[in-house]
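Coordinate inspection notes
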Amino acid sequence: MLLQQLVNGLTLGSTYALIALGYTMVYGIVQLINFAHGEIYMVGAFVGLFLVTAWNVNLGLAMLGAMAVCMMLGMTVERVAYRPLRGKSSRLSPLISALGASIFLSTLMALLAGVNTRRYPAIVDLSSYSLGPVQVSSMQVIILLVSAFLMIGLHMLVRRTRIGKAMRACSQDLEAAALMGINVNRVISYTFAIGSALAAAGGVMVGIYYNAVWPYMGTMAGLKAFAAAVMGGIGSIPGAMLGGITLGVLEIMGVAYISSSFKDAIAFGILILVLILRPQGILGQKISKKV
Amino acid sequence: MEQWITEIIDPYYLRILILMGINIIMVLGLNITTGVTGQLSMGHAGFMSLGAYTSAILTLELGIPFWLTLLAGAAVAAVFGFIIGLPALRLEGDYLAMVTIGFAEIVRVFFLNFEPGGKAVGLSGIPQQTTFSLVLLLTIVVIFFTQRLLSSRIGKAMYSIRENEIAAEACGINTTHLKVLSFVLGAFLGGLGGALYAHYMYYINPQDFDFMRSIEMLNMVVLGGLGSIPGAIVGAAILTVLPEMLRIVAEYRLLFYGALLVILMIFRPNGLLGDIRLYDLLKGKRKEEVKACQS
């Protein structure tokens, strides 16, 4: 029972982690809570659904297609809603702009696709395997493997490539990075693209796993993922992974052993407790205030 | 007076005016927390919800006089404002924002499972005791008190926390007290607004007070201009009327609403009336340099 819940929790947690990575990467560089990120995850789920139903593609292609579309979308949102505000205003106005973009995207999708919940056709063999006492469905295996693959890929990208180095430089000091000849706008644009692609992959997989896609699915998922990013220490990539998985596992455990109707309250309750005990998040660095 | 007003004002406009007044009261509260003291709160709907449910349950179950339930609703919200204000002492900026979001979500889920609150169905049959004259009176009283507060020593100390917390502390300002106080005051007004709302709408349900509602109030504060009373009033007025005006575009309403928020922020990043005090408007003065809020 405990092991079974652990597997379910890991599955849920790795999807949270995929979305949380987008929040934390953007936050690390421009200190902005990108509230439109949850909607990008939702759009990803819809693009995947469209590809599967209209063109009959398989899961891999649907995910790649959704990732590509969401990369463009993420970069467009950044270009239209955030770049004009950068550097010339308080921290709150980009936040409101982000919320505006989020409302815009979810309403647009509700107009295009209708507000009803859609279902993915059966493109994945939904059989489950018994590993001792634990039942693992093939979709859970896919989610765990793909998330692990994407996270390792992201880690390599950030640690080993030129653009990753530029991203790390920008997150340390945007101005100094610009002075060193880094094209800051392009790095920010790429950051949005990468984060959006991860969210899109998460969207497609969650859409299949829970067999439900609807235009407002991004709000709660976005909030939870943001909670995960904050819990892990916002701005820290390993923190987002750890935060996502911790939140997912604890949420599933809470549902299993406490009450399912308090599902969302449990997730946020855990978050508040973690933040009270460790204000900078699990892996966040304590930044001492300077005068 | 009420009779006279309902005769000359169209019921539809009257409804918008009453909701506008309620919004102004709540937004003036959020303005103290977020606009003046700079503690980003994204869960104001949680306080509104507590105020609404407390007052509605007291009215329906115990038949307590209306004005007492208003005070009780506001007081319960203020107590929770105090509780939420405490983590604010250790957290800042976006971490605090997350705690307030989490708080509002917990309140929402709690009322979704709360038997006396009718669970997901909500509470209905709340007597409509909120009248236009009452809302008008309370709005004026709240504007007057916040104005007095912000021009007092306490108000100025709150502004200084927003501008630079360390400098404020170095000047001998008790930042701990004031940050919690700003949450308590904000929550009190949020609860008051919620109680008025419950007694105007006949019917409340936990989904009335979701994340979008918190965001709506934050939009009003930021759009009007952080830390400014006229700003909060203008922001609340515009964003109450705007969705009504956008009814002509029917289902595209929220699409326009979202796009307008983005456009307004691009052209007026500090809000329409950022940091303009009531006093400046009365004296015909206008601050040239509008300082931006740091958090």
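Our subject is the structure that appears above.
Residues numbered from 1 in each chain as written. Chains lettered and ligands numbered in written order. Predicted model: local features only at pLDDT ≥ 70, side-chain atom pairs only at ≥ 80, totals over all residues.

Notes on the overall build of chain A
- Helix and strand counts for chain A stand at 11 helices and two strands.
- Of the regular secondary structure in chain A, the N- to C-terminal order runs α-α-α-α-β-β-α-α-α-α-α-α-α.
- At 19 Å, chain A has a C-alpha radius of gyration in line with the 19 Å of a compact globule built from 291 residues.
- With the C-alpha coordinates of chain A rotated into their principal frame, the extents come out at 55 × 45 × 35 Å.
- Considering only intrachain contacts with a sequence separation of at least 6, the fraction spanning at least 24 residues in chain A is 76%. (Helix = DSSP H or I, 4+ residues; strand = E, 2+ residues; numbered from the N terminus. Rg over C-alpha atoms; globule rule 2.2 N^0.38 Å. Contact = placed C-beta atoms within 7 Å.)

Section: the overall build of chain B
- Counting its secondary structure elements, chain B contains 13 helices and zero strands.
- Its helices and strands taken in sequence order, chain B reads α-α-α-α-α-α-α-α-α-α-α-α-α from the N to the C terminus.
- For 295 residues, the compact-globule estimate of 2.2 N^0.38 gives 19 Å, and chain B sits close to it at 19 Å.
- Each of the 295 residues in chain B was classed as buried or not, and the buried ones make up 54%.
- Once local pairs closer than 6 in sequence are excluded, the contacts in chain B between residues at least 24 apart make up 79%. (Buried ≥ 20, exposed ≤ 12 C-beta atoms within 10 Å, placed from the backbone.)

Structural notes on the pairing of strand β1 (residues 128-131) of chain A
All names here are of chain A.
- Relative to strand β2 (residues 134-137), β1 runs antiparallel, the two sharing four bridges. When the bridges of β2 are listed, Leu131 appears paired with Val134.
- Turn length for the β1-β2 hairpin, with the two strands adjacent in sequence and antiparallel, is two residues, and the turn residue Gly132 shows positive phi of about 65 degrees. (Pairing = 2+ DSSP bridges.)

Considerations on the packing of helix α10 (residues 211-224) of chain B against helix α11 (residues 229-245) of chain B
Residues and elements named next belong to chain B.
- Remark: α10 packs on α11, axes separated minimally by 7 Å, with the N-to-C direction vectors making an angle of 125 degrees. The angle between α10 and α11 places the two elements in the oblique class. When the axes of α10 and α11 are compared, the crossing they make is right-handed. Here α10 contributes Glu216, Asn219, Met220, Val221, Leu223 and Gly224 to the contact with α11, which in turn contributes Gly231, Ala232, Val234, Gly235, Ala236, Ile238 and Leu239.
- Grouping the constituent residues of the contact of α10 with α11 by class yields eight nonpolar, four polar and one charged. (Axes fitted to C-alpha atoms, helices over the stretch in contact; angles between N-to-C directions. Parallel < 35°, antiparallel > 145°, perpendicular 65-115°, else oblique. Left-handed = near helix turned anticlockwise from the far one by under 90°. Nonpolar A, V, L, I, M, F, W, Y, C, P; charged D, E, K, R; others polar.)

Things to note about the nonpolar core
- Cys70, Ala201 and Ala227 of chain A are the most contacted members of the largest nonpolar core, which totals 196 residues.
- Those residues in contact with Cys70 of chain A, other than ones at most four positions away along the chain, are Ile40, Val43, Gly44, Ser196, Ala197, Ala199 and Ala200 of chain A. (Core = buried A, V, L, I, M, F, W, Y, C linked by C-beta atoms within 7 Å.)

Quick word on unusual backbone geometry
- With a phi angle near 50 degrees, Gln31 of chain A is a residue other than glycine that sits in the positive phi range.
- Its identity as a non-glycine residue notwithstanding, Tyr202 of chain B has a phi of 65 degrees, on the positive side.
- Structurally, Tyr202 of chain B can be placed in the loop between α9 (175-201) and α10.

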